[in-house]
Amino acid sequence: MRKFDHINAESYEEASSALRSYKKAEPIAGGTDLIGTLKKQILPDAPEAVVNLKTIKDASYIRDNGNTVSIGAMTKLCDIEDSDFLKTEEKAVWDAARSIASPIIRNEATIGGNICQDVRCWYYRYPHAIGGRLMCARKGGDECYAIKGRNQYHSIMGGMNTGKNACSTECPAGTDIPGYMARIREDDWDGAAEIIMRVNPMPMLTSRVCPHTCQTQCNQCEDGDCINIHAVERALGDYILENADKFYQKPATETGKKVGIVGAGPAGLTAAYYLRKEGHTVTVYEKMEEAGGVLMYGIPEYRLPKHYVRDLVHAIENMGVNFCFNTEVGKDIKIEEIKEANDTVFLDTGAWKQPILGIDGEHLTHFGLNFLVEVKAFMNRQIGKNVLVCGGGNVAMDVALTAVRLGAQKVKLVCLEQRAEMPASAEEIARAEEEGVEIYNGWGLGRVISAEDGSVTGLEAKRCTSVFDEAGHFSPVYDENDKEVFESDCIILATGQRVDLDFLGEKYKEELKSARGLIEIGEHKDTREPGVYAGGDAASGPSVAIKAIRDGGIAARHMSEYMGYPVKPAPARGGFLKHDPERIFVTESMKEKDTPVAERSLENEDSTSLTREEAKLEAGRCMNCGCYSVNASDMSPVLVAFDAEIKTTEHTFGADQFFSNMHSVEILEPGEIVTEITVPKMEGYETGYLKMRLRESIDFAVTSLAYAYKEENGVLADVRLAAGGIAPVPVRFSEAEAFLKGKAKTAENVDQAAEIALKDAQPLKENNYKIQEVKVQFRKAFGV
Amino acid sequence: MSKELTLKVNGETYTFTVGDNLGQIPETETLVETLRDRLGLTGTKLSCGEGACGCCAVLMDGKAVASCITLTTECEGREIVTIEGLSDPVTGKLDPLQEAFLSHNAFQCGFCTPGIIIAAKSILNKNPHPTVEEIEEGLSGNFCRCISHYQVIEAVKSIL
């Protein structure tokens, strides 16, 4: 055990304040679970202090309140077992206490400790001393080893969300990827759309342009193809757009508050969508002819056909968002006027300016982003025969491929970075090479070489020996003696874009600017000017669309709140996590069909979307990573079945609420301690607790069932049923209870109730037998 | 100032201080370590280390507990009896329960036996006339790889 302070508390107040005075401290009740946990060091963090609750006075008691019984949290399980009063008045509590571990443990363990114990799972509890602990999902890692591993004692009802899915965490917008995958598996495309649109109103666009690094984090990568997340997202995005009327609805009520948005890029459109949804009046000012920003003008048609952007903008327009196109803020309208006319303003002006590199002949080159914007104009002109693209990012790849498809005879690409360091996604690089782009890594720009008539003939490049310094900052080092000339008659620079804040005018520019020349924003995407928010590349620097979408979403939430209309948070994901127990073992992903290289063009999308059926199959491979452990407290099913109350130093919880978290104590505030358990007496009921385990002592429940029922006039007047050991939390079988009420206690009815109770069960590979065990316990409980 | 800790083991009183210096008891020390390594009472055995096997059982205020998952600092003022404390301190005469184990050969390798005798003592302290079922239940937290349990139950029954 790692060193800790030890404090004997004399009262709960003293214990609470002692617990709060440390960053991490644990209360010790009986200690029978805690000491084992600390010895094995199963958790990465060890407590700085252990606060002993056993020294608290008058914390151990069994009190008869008439209709209920209250048990002090520090009451030992042996005292419950030895109580004749509980044996007659609270038989199920008494049964449960006697079933716990062994007499040696029960002589020290307390009822308070029992209901606060952590989950059971052999991966979670793997001892650190033997090859190192396993950082499973439950522990803050991202993978549940039980889903595909050994799982005979794990959950049969599904897993629970740990809030730390690797894919969702990787996504800048935090998209609940497993959440929408689960809905798609159920063929609930509307539900899936609702989930993704909580953070991203344009999945039909992001699925096509996002570097989707979420896929690199997918836990399926270890066994085969990762989930083809973007392909599923694309099918979902297409569905959303096909049903735009359903998903981009006018708000039911108008707030009368006004919002001005400068720039209709992904951040601006996102903010417009969410703010309009809340009922605000939204006006978007856009310099260009059409909305979409880089998505409209900077990404080639073959990667993102523009009709998707137009259809999305049209849908947002139909929600009642006003667009003022061809309106350049700073020229056609002043920022002051927009501010004056609106309650809040959002700035999303992007990064469109060419950075000046300062090389000889730079004026003879083309700017990559302009090239993409004006690709139509280029199409009418003859592009150079021998094109040289400079840059290693996705824009450079887009430029190079566009040049190929425009008919350039040869396209070469030089960039500073070595292959592994290139910021472009591996798929984009592969695609460029597939179409004949030659990539030269490790070259920096020297000077542009031109003929006497001013025409470009090539680029003198110098060897770049390293791109980043030791701290990982961009700081290229060149070998000036190692030079090479790349012949070219058309050089296109795609070496980054800059933010231009001139549109703000002198006063605001100075006020809002950051040290890096961007718009300075806080956590809420708020600028230094109250009521003015900003996001996207103008505030965060050139980056991916999904980051801009996140900015727009966060800003919209806080802008609405600023105007007096706080946004209701999305409901938490309820129920257990389910997956397809067979398809998770499929190692090959469903892939979008690519057009053969020879048939690719500038006008048509390179690949076709998965059909909904294919997307559903692919979603079937998602493991819905979470925690598939089981709750081990024998007391908990009894307390849940009987609607007991759990009193703490701060609150009184219903048992169902207290045991709604994977580890019950997660519901508690720092320093909050369970003090008392109050259980209804269930007079006139037949009650008990059944526990199935391998050995008659020590073992935790494989399955357990707490029950109570009352018979009147030959039928069941009331029934209570809750199971343990089958899910990360105790499970109340409300539907089975309702089914049995008013029915005779026959084997047939009881069997049918068990079927109902387990209809949502989804056993893992090795624990199907638990279903049968629960059914047997149903029969035993009712004596049929 | 260091916290003082008074332990009552087998009728003797020992005074320690809690801390990390030489001779002090660290907060993280378990009772089985204190008994074996500081007091030389090696009759109590350490096996699983997580309270499952019963080898480390000692009597705490008359009830068997697992000393491997008990922090020594939490034993202040409690009466601890180990296997060594069952015999008469003056004459050395064994407890009748120990004698019964000897006469029934209720052990083979003997590693788990101190824990089993302590657990049996705990049963008898609570209930001087247990049924066979109660004996079995009372000893269910003591594992024996040599399968001595049949003789153990006979031994316990013999002194009722």
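All values reported here derive from a predicted model rather than from experimental measurement. (Residues numbered from 1 in each chain as written. Chains lettered and ligands numbered in written order. Predicted model: local features only at pLDDT ≥ 70, side-chain atom pairs only at ≥ 80, totals over all residues. Heavy atoms only, no water.)

### Examining helix 12 (residues 229–242) of chain A
- Between its first and last C-alpha atoms helix 12 of chain A spans 20 Å; for 14 residues at 1.5 Å apiece the expected length is 20 Å, and the two agree.
- The buried count for helix 12 of chain A comes to 13 of 14 residues, which makes it a mostly enclosed element. (Helix = DSSP H or I, 4+ residues; strand = E, 2+ residues; numbered from the N terminus. Expected span 1.5 Å × (residues − 1). Buried < 20%, exposed > 50% of the residue type's maximum accessible area, 1.4 Å probe, protein only.)

### Examining the side chain of Asn-151 of chain A
All names here are of chain A.
- Within the fold, Asn-151 resides in the loop between helix 7 (111–115) and helix 8 (166–170).
- When its relative accessible area of 0% is taken as the criterion, Asn-151 is described as buried.
- Reaching out from Asn-151, the side chain makes a polar contact with the backbone oxygen of Ala-146 at a distance of 2.8 Å.
- Excluding residues that lie within four positions of it along the chain, Asn-151 makes contacts with Trp-122, Ala-146, Leu-764, Lys-765, Glu-766 and Asn-767. (Polar contact = N/O pair within 3.5 Å; in protein donor to acceptor, adjacent residues only side chain to side chain. Contact = heavy atoms within 4.5 Å.)

### Comments concerning the domain arrangement of chain B
Residue and element names in this part refer to chain B.
- Along its sequence, chain B is organised into domain 1 (3–84) and domain 2 (96–158).
- The gap between the C-alpha centroids of domain 1 and domain 2 is 22 Å.
- Around 1,200 Å² of area is buried between domain 1 and domain 2 when both sides are counted, 67% of it from carbon and sulfur atoms.
- At the boundary of domain 1 and domain 2, one finds zero salt bridges.
- Viewed at the interface, domain 2 and domain 1 are joined by five residue pairs in polar contact (both at pLDDT 80 or more).
- Breaking the side of domain 1 that touches domain 2 down by element, the ones donating at least two residues are strand 3 (57–60) and strand 4 (63–66). (Domains from an automatic or database assignment. Buried area = accessible area lost by both parts, 1.4 Å probe. Salt bridge = Lys/Arg side-chain N within 4 Å of Asp/Glu carboxyl O.)

### Thoughts on a nonpolar patch on the surface
- On the surface, a nonpolar cluster with roughly 300 Å² of combined accessible area is contributed by Trp-122, Tyr-153 and Leu-694 of chain A.
- The topology assignment puts Leu-694 of chain A in the loop between strand 24 (686–692) and strand 25 (703–712). (Patch = residues over 30% accessible without salt bridge, like charges linked within 9 Å, V, L, I, M, F, W, Y side chains within 5 Å. Areas by Shrake-Rupley, 256 points an atom, 1.4 Å probe, with all protein chains shown as cover.)

### Let's talk about the UniProt feature "domain: FAD-binding PCMH-type" (unreviewed entry) in chain A
- Here the UniProt feature "domain: FAD-binding PCMH-type" (unreviewed entry) sits at residues 1–202 of chain A.
- In this annotation, residues 1–202 of chain A is assigned 33% helix and 10% strand; the end-to-end C-alpha distance for the span is 51 Å. (UniProt positions renumbered as here; feature names shortened; annotations may be inferred.)

### Some details on the sheet that holds strand 1 (residues 3–9) of chain B
All names here are of chain B.
- Here we have five strands laid out as an open sheet, ordered 2-1-5-3-4, and mixed in their pairing. The open sheet terminates on both sides in strands that have one partner only, identified here as strand 2 (12–18) and strand 4. Across the sheet, the mean angle separating the axes of adjacent strands is 40° when strand polarity is ignored.
- As paired elements, strand 3 and strand 4 share four bridges and run antiparallel to each other. (Pairing = 2+ DSSP bridges. Axes fitted to C-alpha atoms, helices over the stretch in contact; angles between N-to-C directions.)

### Remarks on helix 5 (residues 149–158) of chain B
Residues and elements named next belong to chain B.
- For helix 5, the set of buried residues is Val-152, Ile-153, Ala-155 and Val-156. All buried residues of helix 5 project into a common sector of 160° when viewed along the axis, lining one side.
- Lining the buried residues of helix 5 we find helix 2 (96–103), helix 3 (113–126) and helix 4 (132–138). (Arc of directions from axis to C-beta.)

### Regarding the nonpolar core
- Among the nonpolar cores identified, the biggest contains 94 residues, and Ile-115, Leu-639 and Ile-646 of chain A together with Phe-101 of chain B are the most heavily contacted of them.
- With seven residues, the single largest contributor to this core is helix 3 of chain B.
- Split by domain, this core shows at least three residues from each of two domains, domain 1 (3–84) and domain 2 (96–158) of chain B.
- The residues contacting Leu-639 of chain A, other than those within four sequence positions of it, are Ile-115, Ala-644, Ile-646, Ala-655, Phe-659, Ile-677 and Val-679 of chain A.
- Grouped together as the second largest cluster of nonpolar side chains are 74 residues, Leu-205, Ile-229, Ala-231 and Phe-247 of chain A included. (Core = buried A, V, L, I, M, F, W, Y, C linked by side-chain atoms within 4.5 Å.)

### A look at the interface of chain A and chain B
- Across the boundary between the two partners, chain A contributes 30 residues, which contact 30 residues of chain B.
- Together chain A and chain B conceal approximately 2,400 Å² of surface at their shared face, both sides included; 52% is due to carbon and sulfur atoms.
- Counting the contacts that link chain A with chain B gives eight salt bridges.
- A salt bridge links Asp-79 of chain A to Lys-63 of chain B; the nearest nitrogen and oxygen atoms lie 3.6 Å apart.
- Between the two partners, chain A and chain B, sit 12 residue pairs in polar contact (both at pLDDT 80 or more).
- Residue assignment for the side of chain A that touches chain B shows that the elements contributing at least two residues are strand 1 (5–8), helix 2 (34–40), helix 3 (77–81) and helix 6 (103–106) of chain A.

### What to know about the pairing of strand 9 (residues 344–347) of chain A
Residues and elements named next belong to chain A.
- Burial along strand 9 is two-sided: the residues Thr-344 and Phe-346 and Val-345 and Leu-347 are all buried.
- The pairing of strand 6 (residues 258–262) with strand 9 spans four bridges and is parallel. Bridged to Gly-260 within strand 9 is Val-345.
- In this structure, strand 9 lies alongside strand 18 (residues 532–534), joined through three bridges in parallel fashion. Following the sheet pairing, Val-345 is matched in strand 18 by Val-532.

### Description of unusual backbone geometry
Residue and element names in this part refer to chain A.
- The phi angle at Asp-187 is positive, at roughly 65°, despite the residue not being glycine.
- Its location among the elements puts Asp-187 in the loop between helix 9 (177–185) and helix 10 (189–196).
- Residue classification places Asp-187 among the partly exposed residues on the basis of a relative accessible area of 44%.
- Even without being a glycine, Asn-326 presents a positive backbone phi close to 50°.
- Tracing the backbone through its elements, the reader meets Asn-326 in the loop between strand 8 (322–324) and helix 17 (335–341).
- For Asn-326, a relative accessible area of 49% puts it in the partly exposed group.

### Quick notes on the pattern of salt bridges
Residues and elements named next belong to chain A.
- For the coordinates displayed, the defined rule picks out 75 salt bridges over all chains.
- In this structure, the salt-bridge partner of Asp-33 is Arg-125, at a minimum N-O distance of 3.2 Å. Placement of the pair is Asp-33 in the loop between strand 2 (25–28) and helix 2 and Arg-125 in the loop between helix 7 and helix 8, with a sequence separation of 92 residues.
- Assessed through its relative accessible area of 11%, Arg-125 is described here as buried.
- Notably, a salt bridge pairs Arg-234 with Glu-592, separated by 3.1 Å at the nearest N-O pair. Of the two residues, Arg-234 sits in helix 12 while Glu-592 sits in the loop between helix 24 (545–562) and strand 19 (593–594), which places them 358 residues apart along the sequence.
- Overall, the relative accessible area of 3% leaves Arg-234 in the buried class.
- Overlapping salt bridges bring together Arg-405, Arg-431, Glu-434, Glu-435, Asp-594, Arg-600 and Asp-606 as one network.

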